[in-house]
Amino acid sequence: MRAPSLVPALLSFPGSAARQDSWGRLLKITAGGGELSTAARLAKGERVAIQFDLGGERLLMPARVHLAYDDDGQCVAELRWSDMVARRRLAVVLVDVLSKS
Amino acid sequence: MAAIGVLAKEAADRELLGLMLGEFGHHAEGAGRLEEALEFARERRTRAFLLVDGAGADAESLTRELIRAFPLLPIVVALKVRDASRAVALMRVGACEVVAPPWTPEDLKASVSKGLRLQGTFITAASAAPASRSSLWYALSVALFLAAGLGVASLKRVEEKRLAAATRVDRWELPVSHPAGLAFDGKSLWLVDWFTQSFYALSPKDTAVQVVRHQTAETPVAAAFTGEAMWTVSADGTVTRHMRDEKLTPLTRYPKAAPNSAGLAFDGLYLWTLDARAKVLRKHLVDRDLSVLATYKWRGVKAAGLLFDGKTLWSLDAADRRLMRHGLERPEDVVEAVPLPEYAEGAFIPTGAAWDGSRFWTVGEAKDGKGPARLVRHKEEAF
């Protein structure tokens, strides 16, 4: 299903990356990963924590950039959720959201 | 070209953003207050709004107001101070894109064009991560699929060939007419011919004669091999142990140790003989006299050959045209029988049999005793 708007996401990076927090939009959310559109430049293999709200829950999903490419000036990144506990929580939220739609 | 409303408190910001939007081919209309922006939007069918956050303007409340009036119009917010949390908060209230300072034409263009083709997030509970397949991946997949298909096809073909070979029966005409026995030494088939008093070594591949050895002192009727010796039995019952050299030098003779022999076999420990007249199997100890340890009744009709396949004894019955299996514990019992339909026509009479490790071979004499003998390689048997 498609949400009425793109889910906003706050991006934070590990301290070793020495990068400022950034923001973007989630184009796709699945239990295994997501697709993010952002003005921040992301590189393949980079670690990033994605915080977003879904179904009334605030989720913090550690992720690894599986693929990143430029799309009309914006960076589109394919993400793989790397934390199993967070993944399970997201799966529960997704099932809840979809069951109510 | 799209009409875009620019809502900024400061005129300098309106001018800068308006110029940038103009460069992208859009028509920008600046407004310093919310009411001006709403009026412009009603008059010019605005496609989007660009708001400036900061310097006295709260884009969050402005966004709420604009969305209330124009719920379907995308709103892009340009921050004067970079703040990720503020950006996310603006997006949560409805801004479709947030541009970080310093504003560059590239960032602004990307954000506005993105806002103009806004869609919602695609949500699914499927556990699979987003697919990211390159053309190389697809090419390799196709190649792998084809290779697997070819592999399966070739394996099938090999198996079909093997089955065809296993069920095939081969026949050859031999340059002898009076075969009496057959034996296998691990490499060659040895044909015993009583008329020429000779042993012929034949190639199992094409039955070509490799070696011929004349033994004029005896009339051989059967042969068997051990690791270092060749055993033969002659028509008068004399068993001879030969050295496996070129001349098959006789080493030991056992006169009349096995009368009326139709077959000879060695099981690794004992020598076995088949008496065609008395219809008995004899187990001999390989000592100075080739002593008979035991005698067992043979339950066939016309004994013609004897062989050991590594596990059990087999005897050849020329009358019933079959091979009979005997256990070493109770050799008088026939535990299995393999018919020989190749001799069903009656033109040949089987006179000897051998086992090459995977198949039976038999040799047959023409019924009238005049034509060439026939060698038969039988189909594979599953025991």
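Residues numbered from 1 in each chain as written. Chains lettered and ligands numbered in written order. Predicted model: local features only at pLDDT ≥ 70, side-chain atom pairs only at ≥ 80, totals over all residues.

What to know about the overall build of chain A
Point 1. Each helix and strand in chain A was counted, giving one helix and six strands.
Point 2. Along its sequence from the N terminus, chain A presents helices and strands in the succession β-β-β-β-β-β-α.
Point 3. Counting across all 101 residues of chain A, residues that qualify as buried make up 38%.
Point 4. The long-range share in chain A, meaning contacts at least 24 apart out of those at least 6 apart in sequence, stands at 44%. (Helix = DSSP H or I, 4+ residues; strand = E, 2+ residues; numbered from the N terminus. Buried ≥ 20, exposed ≤ 12 C-beta atoms within 10 Å, placed from the backbone. Contact = placed C-beta atoms within 7 Å.)

Things to note about the overall build of chain B
Point 1. Scanning chain B for helices and strands turns up six helices and 26 strands.
Point 2. Residues counted as buried form 36% of the 383 residues belonging to chain B.

Re the packing of helix H3 (residues 59-69) of chain B against helix H4 (residues 84-93) of chain B
Residue and element names in this part refer to chain B.
Point 1. Closest axis-to-axis distance for the H3/H4 pair is 9 Å, and the angle between their directions is 15°. Considering their axes alone, H3 and H4 lie roughly parallel with respect to each other. The two elements H3 and H4 cross, and the hand of that crossing is right-handed. Along the contact surface, H3 presents Ala 59, Glu 60, Thr 63 and Arg 64, while H4 presents Ala 89, Leu 90 and Val 93.
Point 2. Counted by class, the contact of H3 with H4 contains four nonpolar, one polar and two charged residues. (Axes fitted to C-alpha atoms, helices over the stretch in contact; angles between N-to-C directions. Parallel < 35°, antiparallel > 145°, perpendicular 65-115°, else oblique. Left-handed = near helix turned anticlockwise from the far one by under 90°. Nonpolar A, V, L, I, M, F, W, Y, C, P; charged D, E, K, R; others polar.)

Structural notes on the sheet that holds strand S26 (residues 374-377) of chain B
All names here are of chain B.
Point 1. Across the sheet, which stays open at both edges, the four strands sit in the order S7-S26-S25-S24 with antiparallel pairing between neighbours. Unpaired on one side and paired on the other, strand S7 (170-173) and strand S24 (348-355) mark the two borders of the sheet. If you compare each strand with its neighbour and ignore which way they point, the axes differ by 20° on average.
Point 2. Alignment of S24 against strand S25 (residues 360-366), held across seven bridges, turns out to be antiparallel. Its bridge partner lying in S25, Gly 352 is registered against Val 363. (Pairing = 2+ DSSP bridges.)

Concerning unusual backbone geometry
Point 1. The omega angle of the peptide bond from Pro101(B) to Pro102(B) is -10°, so this bond is cis rather than trans.
Point 2. Here Pro102(B) is to be found in the loop between strand S5 (97-99) and helix H5 (105-116).
Point 3. In the Ramachandran plot, Ala18(A) falls in the positive-phi region, its phi being about 50° despite a non-glycine side chain.
Point 4. Structurally, Ala18(A) can be placed in the loop between strand S1 (7-12) and strand S2 (22-29).
Point 5. Positive phi outside glycine occurs at Lys256(B), with the angle close to 50°.
Point 6. Locating Lys256(B) in the fold gives a position in the loop between strand S15 (250-254) and strand S16 (261-266).

Thoughts on the pairing of strand S4 (residues 47-54) of chain A
Residue and element names in this part refer to chain A.
Point 1. Where S1 lies against S4, three bridges are found, and the strand directions are antiparallel. The residue bridging Leu 10 from the neighbouring strand is Gln 51, located in S4.
Point 2. Judged from the eight bridges that link them, S4 and strand S5 (residues 57-71) form a sheet pairing that is antiparallel. Bridged to Val 48 within S5 is Ala 63.

So, the interface of chain A and chain B
Point 1. The interface is formed by 36 residues belonging to chain A together with 28 residues belonging to chain B.
Point 2. For the side of chain A that touches chain B, the elements supplying multiple residues, two or more each, are S1, S2, strand S3 (33-38), S5, strand S6 (74-81) and helix H1 (84-99) of chain A.
Point 3. Top contributing element to the side of chain A that touches chain B by residue count: S2(A), with six residues.
Point 4. Taken together, the residues of the side of chain A that touches chain B break down into 19 nonpolar, nine polar and eight charged.
Point 5. As paired elements, S2(A) and strand S6 (residues 122-123) of chain B share two bridges and run parallel to each other. Of the residues in S6(B), the one forming a bridge with Lys28(A) is Phe122(B).

What about H5(B)?
Point 1. For H5(B), built from twelve residues, the straight-helix expectation of 16 Å at 1.5 Å per residue is met to within 8% by its first-to-last C-alpha distance of 16 Å.
Point 2. If you check which residues of H5(B) are buried, you get Leu108(B), Lys109(B), Ala110(B), Ser111(B), Val112(B), Lys114(B) and Gly115(B).
Point 3. Its buried side turned inward, H5(B) meets S3 and S6 of chain A together with helix H1 (11-23), strand S3 (48-53), strand S4 (75-79) and S5 of chain B. (Expected span 1.5 Å × (residues − 1).)

A word on helix H6 (residues 135-167) of chain B
Working note: α-helix, 3.6 residues per turn, so residues spaced by three or four point in the same direction.
Point 1. Here H6(B) spans 48 Å end to end across 33 residues, near enough to the 48 Å set by a 1.5 Å rise per residue.
Point 2. Across the 33 residues that make up H6(B), only a small minority, zero, are buried.

Considerations on the confidence of the model for chain B
Point 1. In the predicted model, chain B carries a mean pLDDT of 88, and the fraction of residues at 70 or more is 97%.
Point 2. Quick note on the complex model: pTM equals 0.50, ipTM equals 0.73. (pLDDT = per-residue confidence, 0-100.)

Thoughts on the sheet that holds S15(B)
All names here are of chain B.
Point 1. If you walk across this open sheet you meet the four strands as S12-S13-S14-S15, and the pairing is antiparallel. Pairing within the sheet leaves two strands with one partner each, and these edge strands are strand S12 (220-225) and S15. Between one strand and the next, the sheet's axes are offset by a mean angle of 20°, whatever the strand orientation.
Point 2. Across five bridges, strand S13 (residues 229-234) lies against strand S14 (residues 239-243) in antiparallel orientation. Paired with Thr 232 across the two strands is Thr 240, which belongs to S14.

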